[in-house]
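# Remarks on the overall topology
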Amino acid sequence: MDLVFFGPPGAGKGTQAQKIISEYGIPQISTGEILRAAVANQTPLGQQAGPLMAAGKLVPDELVIGIVAERLKEQDCVKGFLLDGFPRTIPQAEALEAVLKKLGRKIEHVVSLEVSDQVIHERMKGRGRADDSPQTVQKRLDEFRRLTEPLKAHYQKQGLLRPINGVGSVDEIATAIKRAISG
Ligand code: ADP
């Protein structure tokens, strides 16, 4: 099961990803988490990514593409994977396709969690991450609409997009996702 989870910041990708990976026995690959770990460990990657993340901007494509390309080659991905927070731009999506093609695989479903900006702002008030201040959340949302949302049309054209209402109970949303990816 080769999956991409897609949606604005605060859509609930992380929460739903947890449920799906335990059910399907596949690893979650979260570029946000990998980058936060790099920042915490003050690696060269972290030093480059940290200020951009704090400002709500995307980190350069070539950095995240390299991370994901390496990660997908690891043994635990043979049964599948759930990408969370990647791809976020058209070049990232194209790079992903190329990497998967070399491995003889392709994305099966792009689960798109649909949530309005208003709901996102409400949800983010309750979170404590360094990049969750109202101004940074707005910047991240702007980046999402500008750079990431165009991916929906890209995946729609390929017949891979599975739009899911991201408002409801955690279990309701998980059930809707499972239905969409089991077809
Ligand atoms: P959220 O989905 O809540 O915005 P993430 O944890 O996915 O949070 O990402 C946090 C930050 O990490 C982003 O705002 C961005 O700076 C950086 N980041 C994560 N994934 C990518 C990516 N695929 N491309 C570029 N930047 C990324």
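These remarks concern the structure in this document. Since the model is a prediction, treat every value here as computed from it, not as a measurement. (Residues numbered from 1 in each chain as written. Predicted model: local features only at pLDDT ≥ 70, side-chain atom pairs only at ≥ 80, totals over all residues. Heavy atoms only, no water.)

Turning our eyes to something else, we now look at the overall build of the chain. Along the chain, the regular secondary structure elements total nine helices and five strands. Reading the chain from its N end, one meets helices and strands in the order β-α-β-α-α-α-β-α-β-α-α-α-β-α. For 183 residues, the compact-globule estimate of 2.2 N^0.38 gives 16 Å, and the chain sits close to it at 16 Å. Projected onto its principal axes, the C-alpha positions of the chain cover 40 × 40 × 30 Å. In the form shown here, the chain has an accessible surface area of approximately 9,200 Å², with 54% of it arising from carbon and sulfur atoms. Here the chain holds 25 positive side-chain charges and 22 negative ones, and the gap between their average locations is 1 Å. (Helix = DSSP H or I, 4+ residues; strand = E, 2+ residues; numbered from the N terminus. Rg over C-alpha atoms; globule rule 2.2 N^0.38 Å. Areas by Shrake-Rupley, 256 points an atom, 1.4 Å probe, with all protein chains shown as cover. Lys, Arg positive; Asp, Glu negative; His and termini not counted. Charge placed at Lys NZ, Arg CZ, Asp CG, Glu CD.)

Each pocket or cavity is described by its volume, and for the largest pocket that value is around 860 Å³. Forming the boundary of the largest pocket are 41 residues, of which P9, K13, R88, R129 and R140 lie nearest the centre. Elements with a minimum of two residues in the lining of the largest pocket: β1 (2–6), α1 (13–24), α2 (31–40), α7 (134–148) and α9 (170–182). With five residues, the single largest contributor to the lining of the largest pocket is α2. (1 Å grid on protein atoms, 1.4 Å probe; cavity = no way out; pocket = protein on both sides within 12 Å on 5 of 7 lines; lining within 4 Å. Points joined across faces, edges and corners; volume = space filled by probe spheres on them.)

Let us now look at the pairing of strand β4 (residues 109–114). Among the six residues of β4, five are classified as buried, and the element is accordingly described as predominantly covered. Relative to strand β5 (residues 161–165), β4 runs parallel, the two sharing five bridges. Each bridged residue has a counterpart across the sheet, and for V110 the counterpart in β5 is L161. (Buried < 20%, exposed > 50% of the residue type's maximum accessible area, 1.4 Å probe, protein only. Pairing = 2+ DSSP bridges.)

Here the focus is the pattern of salt bridges. In total, this model carries 16 salt bridges according to the counting rule given. A salt bridge links D117 to R145, with the nearest nitrogen and oxygen atoms 2.2 Å apart. Of this pair, D117 sits in helix α6 (residues 117–125) while R145 sits in helix α7, and the two are 28 residues apart along the sequence. Under the relative-accessibility criterion, D117 is labelled partly exposed at 29%. (Salt bridge = Lys/Arg side-chain N within 4 Å of Asp/Glu carboxyl O.)

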